[in-house]
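# Secondary and tertiary structure notes
Here's the letter readout for the chains.
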Amino acid sequence: MRQVLLRLAAALPTLCGVVVVTFLLTRVLPGDTATYFAGPTASAEAIEQIRRELGLDLPLPEQFWRYVVALTKGDLGMSLTTGQPVRAEIATRLPASAELTLCALVLAIAIAMPLGVLAAVRQGSLIDHACRVLTTAGVSLPVFFTGLLLVYVFYFVLGWMPAPLGRLDAFATAPPQVSGFYLIDTLLAGDTGTFRAAAAQIVLPATTLALFALAPIARITRASMLAVLGSEFIRTARASGLSGPTVVITYALRNALLPVVTVLGMVFSFLLGANVLVEKVFAWPGIGSYAVEALIASDFAPVQGFVLTMAVLYVLLNLGIDLLNRAIDPRARHGA
Amino acid sequence: MSDALSVQDLSVAFHTRAGVVHALDRVSFTVGAGETLALVGESGSGKSVTAYAIMGLLEAAGQVTSGRALLGETDLLAASPASLARIRGKRVAMIFQNPRTALNPIRPVGTQIADVMRRHGGATWFNARARAIEALRAVGIPDPARRTRAYPFELSGGMCQRVMIAIAMAARPDLLIADEPTTGLDVTTQAVVMDLIAEMAAQTGMATILITHDLALAAERARRIAVMHAGHVVEVAETATLLARPMHPYSARLIAATPTAAGTLEELQSVPGALPDLRGAAIPACRYAARCDRRQADCGETLHPHEAEPGHSIACHHPLGVAA
Ligand SMILES: Nc1ncnc2c1ncn2[C@@H]1O[C@H](COP(=O)(O)OP(=O)(O)OP(=O)(O)O)[C@@H](O)[C@H]1O
Ligand code: SF4
Ligand SMILES: [Mg+2]
């Protein structure tokens, strides 16, 4: 527990840095907020008026001070495009992104890890070659392309999947929010019909993201398994006559998990990035598309809110990875 | 006395990118029940490959091309992978150099012992821990109940080797193959570990193959010694006979290069010349020929394995102590 608190404390300077940098970045980015909102026909006075109202005429240090004071109260500002508080919007959109990303990650792990293990155990076999093809394809196909391809095939041509129009189709109503994950909230509400609708909506975008995440996971699993299978304690396990499954799973895989977990952390953060594109393709109401729209509109507050949320997520993610490593590796528990 | 293990004409080849390496060529020796046989030879002479071939642990590139390894009635080299897995750890066990890396780094040592006991029917889920504690006590680990929960990195090298011995002894095997079990341990610990192996062997009537490049250690611990050179067993004799009257020129060199006091010399590189290249077909029939000062024309034609006197075999055309 103390370890966790220490780690969180150590992340504070990073988060402060992120606050400063996002603030400065949004100010130096091209595009003038006041001009954008005044509209193309506005007079110079009108623009000035808006600028004053938004506090954009104040000197930078003062703007920054106001921003930080608001932050400490948990206030992320208002979005000018939607007129909603940024915090509220992120709170509804983050679960959408998180649900999508986690589904994709679980799907990717469920396919890639067994594949990587089999490829390592049966080196040079058909499975090994299949693994190689899949990992090469996975890295060389851009996410928006696989997304569009899947939509074309499974919605347009085959008609197996619903239209790519967000988390639920127009006829379904969202479940009462508990976790913010539709797949969980619908079940909590006992509404299996909506659960099925939500599941149908998430299949294609999650598959798209999973295809992207497959390659690095399968590859590191295979490499890590190969390294462990060649190590001396596996020889001991075999020399002791331990059965195949015990050797491969209890002895090899558990040891091979350490680098895999680290890569999972990286893949998760790549996925957060890839989300932006997938959310666009599938009209997914997540924070990625929210941030992109705000960026195009030079709408500072949502962009700052987005970056800050991401930074906090990364810190938590790294903490999670660290805890997982400790759970697996007694040496890590001992060392720190 | 019946044999615990009889190895006959064992040949092993490695298929590598640089060609086929004939690592072992017609290796033969026997180990009597309860007996300790030492396999000695300089680094690269094929001692470990012999052990791995017997255990069925050769890596994919290595193939047994001829021979038998009879453990009682069973030919280990012809056994199916499934039946071999049932034999390993139960009837024949092995311990290794670097005991720390030979143990699973993230599994408590007691659990590792219990794994082997459960596998071979020596323990159930319910009594595995008690049995593991017992096993640790038997190899002289103090406070065994606490130590079952220790990880290898928390134990010294000597302690790890004791754990390895406990794992090897878990199912009371008929034969223990110890591949350089004391290399890398300090002198006192070496003696303690060797004593422990001897004690275990005496208690259970287990035979031991002691693999070492330390002839002094072999002389001290083994009843018989087999000398290996470049994948050949060049001489097998009772320890006293071999030390007093070596017949193969290589054995004689080896003995001359070993300090008389049971010392700690690590390397026996003072034998002049190097091991021949074991790739391809152009290996001389006697692989010691290039280094031998007794070499004659017939040496290059055939290997000449024979029993020079009862219980004393050599592979040489012109052995020492015999009129040439
Ligand atoms: N994977 C491999 N590929 C090719 N050749 C190999 C391989 N493993 C072993 N060899 C060959 O087998 C020979 C004997 O190796 P081995 O490990 O048995 O020697 P050793 O007597 O145990 O030596 P050491 O005292 O160093 O352990 C080596 O010289 C090498 O030529
Ligand atoms: S066979 Fe010939 S070359 Fe080989 S060791 Fe004997 S004398 Fe030397
Ligand atoms: Mg060796």
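Rules used in this analysis
- Residues numbered from 1 in each chain as written.
- Chains lettered and ligands numbered in written order.
- Predicted model: local features only at pLDDT ≥ 70, side-chain atom pairs only at ≥ 80, totals over all residues.
- Heavy atoms only, no water.
- Helix = DSSP H or I, 4+ residues; strand = E, 2+ residues; numbered from the N terminus.
- Rg over C-alpha atoms; globule rule 2.2 N^0.38 Å.
- Buried < 20%, exposed > 50% of the residue type's maximum accessible area, 1.4 Å probe, protein only.
- Contact = heavy atoms within 4.5 Å.
- Phe/Tyr/Trp six-rings, centres within 6.5 Å; stacked < 30°, edge-to-face > 60°.
- Lys NZ or Arg CZ within 6 Å of the ring centre and 35° of its normal.
- Patch = residues over 30% accessible without salt bridge, like charges linked within 9 Å, V, L, I, M, F, W, Y side chains within 5 Å.
- Areas by Shrake-Rupley, 256 points an atom, 1.4 Å probe, with all protein chains shown as cover.
- Salt bridge = Lys/Arg side-chain N within 4 Å of Asp/Glu carboxyl O.
- Buried area = accessible area lost by both parts, 1.4 Å probe.
- Near = heavy atom within 4 Å.
- Polar contact = N/O pair within 3.5 Å; in protein donor to acceptor, adjacent residues only side chain to side chain.
- Nonpolar A, V, L, I, M, F, W, Y, C, P; charged D, E, K, R; others polar.
- Pairing = 2+ DSSP bridges.
- Axes fitted to C-alpha atoms, helices over the stretch in contact; angles between N-to-C directions.
- Parallel < 35°, antiparallel > 145°, perpendicular 65-115°, else oblique.
- Left-handed = near helix turned anticlockwise from the far one by under 90°.
- Domains from an automatic or database assignment.

## Details of the overall build of chain B
A tally of regular secondary structure across chain B gives 10 helices and 12 strands. Against the globule reference of 20 Å for 324 residues, chain B gives a C-alpha radius of gyration of 20 Å, in line with a compact fold. Its C-alpha atoms give chain B principal-axis dimensions of about 65 × 45 × 40 Å. A burial count over chain B gives 54% of its 324 residues as buried. Once local pairs closer than 6 in sequence are excluded, the contacts in chain B between residues at least 24 apart make up 66%.

## Some details on the packing of aromatic side chains
Each aromatic ring pair is described using two quantities: the centre-to-centre distance and the angle formed by the ring planes. Inspection of every chain in the model, using the stated rule, returns 6 aromatic pairs over all chains. Between F154(A) and W160(A), the aromatic rings sit 5.9 Å apart at their centres with planes inclined by 45°, giving tilted as the arrangement. With relative accessibility at 60%, the residue W160(A) sits in the exposed group. Taken together, the aromatic side chains of F23(A), F64(A) and Y67(A) make up a single cluster linked through ring pairs. The ring of W125(B) has R118(B) sitting right over it, with the charged end atom 3.8 Å from the ring centre.

## Thoughts on a nonpolar patch on the surface
Residue and element names in this part refer to chain A. A grouping of V20, V21, L24, L25, V28 and L60 is seen on the molecular surface, where their side chains present a nonpolar patch of about 510 Å² in accessible area. When you line up the elements, L24 lands in helix α1 (residues 2-28). Judged by relative accessible area, L24 falls into the partly exposed class, the value being 42%.

## Some details on the interface of chain A and chain B
Note on interface size: it is often stated as the accessible area lost on association of the parts. The partner chain B presents 28 residues to the 20 residues of chain A that form the contact. Of the roughly 2000 Å² buried between chain A and chain B, counting both surfaces, carbon and sulfur atoms make up 61%. Among the residues of chain A in contact with chain B, R235(A), A239(A) and Y251(A) are the three that bury the most area, contributing 25% of the side total. Summed over the shared surface of chain A and chain B, the result is 0 salt bridges.

## Concerning the site of ligand 1
Residue and element names in this part refer to chain B. Taken together, 15 residues are adjacent to ligand 1, and S43, G44, K47, S48 and V49 come closest. With respect to ligand 1, the backbone of V49 contributes an N or O atom lying 2.8 Å from an oxygen atom. Here an oxygen atom of ligand 1 and a side-chain polar atom of E180 are 3.2 Å apart. Residue assignment for the shell around ligand 1 shows that the elements contributing at least two residues are β1 (3-16), β2 (19-32) and α1 (47-55). Sorting elements by how many residues they give to the shell around ligand 1 places α1 first, with 3 residues. Taken together, the residues that form the shell around ligand 1 break down as 4 nonpolar, 7 polar and 4 charged.

## As for the sheet that holds strand β3 (residues 36-40) of chain B
Residues and elements named next belong to chain B. Spatial ordering of the open sheet is given by β6-β7-β8-β3-β9-β10-β12-β11, a layout of 8 strands whose pairing is mixed. Across the chains shown, the open sheet's two edge strands, defined by having one partner strand only, are β6 (92-95) and β11 (305-309). Adjacent strand axes in the sheet meet at a mean angle of 20°, parallel and antiparallel pairs treated alike. Direction of pairing for strand β7 (residues 175-179) relative to strand β8 (residues 207-212): parallel, over a ladder of 5 bridges. Bridge pairing links D179 to I211 in β8. The strands that helix α7 (residues 187-204) touches are β6, β7 and β8; relative to β8, the one it contacts most, it runs at about 160°.

## Quick word on the pattern of salt bridges
Per the stated rule, a full pass over the model turns up 20 salt bridges over all chains. For K280(A), the salt bridge identified is with E293(A), shortest N-O distance 3.1 Å. In this pair, K280(A) is assigned in helix α11 (residues 244-281) and E293(A) in helix α12 (residues 287-296), connecting sequence segments 13 residues apart. Residue class for E293(A) comes out partly exposed when judged on its relative accessible area of 42%. A salt bridge links D293(B) to R253(B), with the nearest nitrogen and oxygen atoms 3.6 Å apart. Residue D293(B) is located in the loop between α10 (249-256) and β11, and its partner R253(B) is located in helix α10; the two are separated by 40 residues in the primary sequence. When salt bridges that share partners are traced, they join E35(B), R223(B), R224(B) and E238(B) into one network.

## Some words on the environment of M164(B)
Mapped onto the secondary structure, M164(B) falls in helix α6 (residues 157-168). Note on M164(B): relative accessible area 1%, which makes it buried. Taking the C-alpha atoms as reference, M164(B) lies 8.0 Å from A102(B); in sequence the two are 62 residues apart. Not counting residues up to four positions away in its chain, the partners in contact with M164(B) are T236(A), M94(B), I95(B), F96(B), P99(B), A102(B) and L103(B).

## Observations concerning the sheet that holds β2(B)
Residue and element names in this part refer to chain B. What the 4 strands build is an open sheet, ordered β2-β1-β4-β5; its pairing is antiparallel. Looking along the sheet, the strands with just one partner apiece sit at the ends: β2 and β5 (74-75). Taken together, the 2 bridges between strand β4 (residues 62-71) and β5 define a ladder with antiparallel strand orientation. Across the sheet, L71 pairs through a bridge with T74, a residue of β5.

## Points about the packing of helix α3 (residues 109-119) of chain B against α6(B)
Residues and elements named next belong to chain B. Between α3 and α6, the shortest axis-to-axis distance is 9 Å and the interhelical angle comes to 20°. Comparing their axes, α6 and α3 come out roughly parallel. For the pair α3 and α6, the crossing hand works out as right-handed. Contacts from V109, Q112, I113 and V116 in α3 reach V163, A166 and I167 in α6.

## Topic: unusual backbone geometry
Glycine aside, residues mostly have negative phi, and peptide bonds are mostly found in the trans state. Residues and elements named next belong to chain B. Of note, N98 is a non-glycine position whose phi angle comes to about 50°, a positive value. Its place among the elements puts N98 in the loop between β6 and α3. Residue D143 is not a glycine yet carries a positive backbone phi of 55°.

## As for the domain arrangement of chain A
Residues and elements named next belong to chain A. Structurally, chain A comprises domain 1 (2-72) and domain 2 (93-335). Between the C-alpha centres of domain 1 and domain 2 the distance comes to 33 Å. On the side of domain 2, 18 residues touch domain 1, which itself brings 22 residues to the contact. Interface of domain 1 and domain 2: buried area, both sides summed, is about 1600 Å²; carbon and sulfur atoms make up 73% of it.

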